[in-house]
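Now for the letters of each chain:
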Amino acid sequence: MTDPQGAGVTVLGLGAMGSALATTLLDAGHAVTVWNRTSARAVDLSARGAQAASSIGAAVAANPLIVACLLDHASVHETLDPVIAGMRGSTLVNLTTTTPNEARELATWAAGHGVDHLDGAIMATPPMIGTPEASILYSGSRDVFDASRPVLDRWATSTYDGADAGLASLVDLAMLSGMYSMFAGFLHGAAMAGSVGISATEFAARATPFLSAMTDGFEHFAGVIDGGDYAVPGQQSLDFSDLSHIVRASEEQGVRPTTIAAVQELISEQIADGHGAEGFARIYESLRAERT
Ligand code: FVH
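Residues numbered from 1 in each chain as written. Predicted model: local features only at pLDDT ≥ 70, side-chain atom pairs only at ≥ 80, totals over all residues.

### Things to note about the overall build of the protein
Within the protein, the regular secondary structure consists of twelve helices and eight strands. Across its three principal axes, the protein shows a C-alpha extent of roughly 65 × 45 × 30 Å. Expressed as a percentage of its 292 residues, the buried residues of the protein come to 35%. For the protein, the proportion of contacts with a sequence separation of at least 24, taken over those separated by at least 6, is 62%. (Helix = DSSP H or I, 4+ residues; strand = E, 2+ residues; numbered from the N terminus. Buried ≥ 20, exposed ≤ 12 C-beta atoms within 10 Å, placed from the backbone. Contact = placed C-beta atoms within 7 Å.)

### Some details on the nonpolar core
Core analysis: the largest hydrophobic core is formed by 53 residues, its most contacted members being Val11, Leu21, Ala22, Val34, Val67, Ala68 and Ile136. With six residues, the top contributor of residues to this core is helix α6 (residues 142-155). In this structure, Tyr230, Leu238, Ile267 and Ile283 belong to the second largest nonpolar core, which totals six residues. (Core = buried A, V, L, I, M, F, W, Y, C linked by C-beta atoms within 7 Å.)

### Side note on the site of the ligand
The ligand sits among 22 residues. The nearest are Gly15, Met17, Arg37, Thr38 and Thr97. Mapped onto the shell around the ligand, the elements with two or more residues apiece are α1 (16-27) and α4 (73-80). For the shell around the ligand, the per-class residue count stands at eight nonpolar, ten polar and four charged. (Near = placed C-beta within 6 Å. Nonpolar A, V, L, I, M, F, W, Y, C, P; charged D, E, K, R; others polar.)

### Examining helix α9 (residues 216-227)
Quick reminder: α-helices carry 3.6 residues per turn. Residues three or four places apart thus point the same way. End to end, α9 covers 17 Å across twelve residues, agreeing with the expected 16 Å (1.5 Å per residue, within 8%). Among the twelve residues in α9, zero count as buried, and that is only a small part of the element. (Expected span 1.5 Å × (residues − 1).)

### Observations concerning the domain arrangement of the protein
According to the domain assignment, the protein contains domain 1 (9-162) and domain 2 (170-291). A C-alpha centroid distance of 38 Å is found between domain 1 and domain 2. Between domain 1 and domain 2, the residue contacts involve five residues of the former and four residues of the latter. Looking at side-chain class alone, the side of domain 1 that touches domain 2 contains four nonpolar, no polar and one charged residues. (Domains from an automatic or database assignment.)

### Concerning the UniProt feature "domain: NADPH-dependent reductive aminase-like C-terminal" (unreviewed entry) in the protein
UniProt's feature table lists "domain: NADPH-dependent reductive aminase-like C-terminal" (unreviewed entry) at residues 164-288, given in the numbering used throughout. Summarising residues 164-288: 68% helix, 0% strand, and an end-to-end C-alpha distance of 21 Å. (UniProt positions renumbered as here; feature names shortened; annotations may be inferred.)

Okay, here's the thing in structure tokens:
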């Protein structure tokens, strides 16, 4: 494995995120080589001091540490398949969003070509890169993570999740799943409020403090799930949590109840299985069943 401390860095992919990563390294004084499929995107970075590689082969040969921030898993293979044989002894940090299994596939593929690999999942927007608010999760080789810290820590708070290369992606996508489900719930509520003329802005002002306070429930649900007893006293039961009235109200107002109906389906499933007296966290078991 190479020692990235003091060595230059190659950044592949100069979209919004790749450009932010390269810019942050340049500003911190690193020697940076950049490559992008559409070469015009390297012009601004060249003006800031980056070396624009004339080909992908030249880019991966320029430095022992290669960072990929491309569109998706397929674009990583499309870019690196033709040059991977020449990358033996290099280190590849892939910050492209992939699924956990895609990250594992890349780790195995890189190892098969003598390339050290670390997967990263960026939990930040491009303007956040280089600020204390940015977070990047990593998984795969602990040795690569430790040796690359002088570079990785330029971008964000770096967290190592474990040796399984798929872990960073998994945690990232789990967080995003929670976020998008919450956003969809808010938008459904806004549509219901909108059906009687309440503006989305007014609804947001009223919903934000309420929904923020409700996130305290995460810790409670987590305790019930990890404790393994969904019947622990003091909880709101599934029978009491029946949401059919919200589904009906939504339909009555001419609003599609899709998001809340999905929650009600999970509740009904658990009630039908005889768990109506247990707590709301019990629907975790219905979700887990989707794994097989
Ligand atoms: N932007 C964000 O807020 C999010 C934050 C969380 C993590 N994501 C992931 O980061 C990856 C890159 O995202 P991006 O924002 O830089 O994306 P774009 O601006 O769309 O740039 C895409 C780059 O990928 C290149 N590219 C696309 N397809 C190919 C291909 N087949 N072969 C080689 N390169 C390819 C594209 O090149 P070009 O179109 O300019 O020629 C851009 O450099 C991504 O995984 C996010 O999910 C960002």
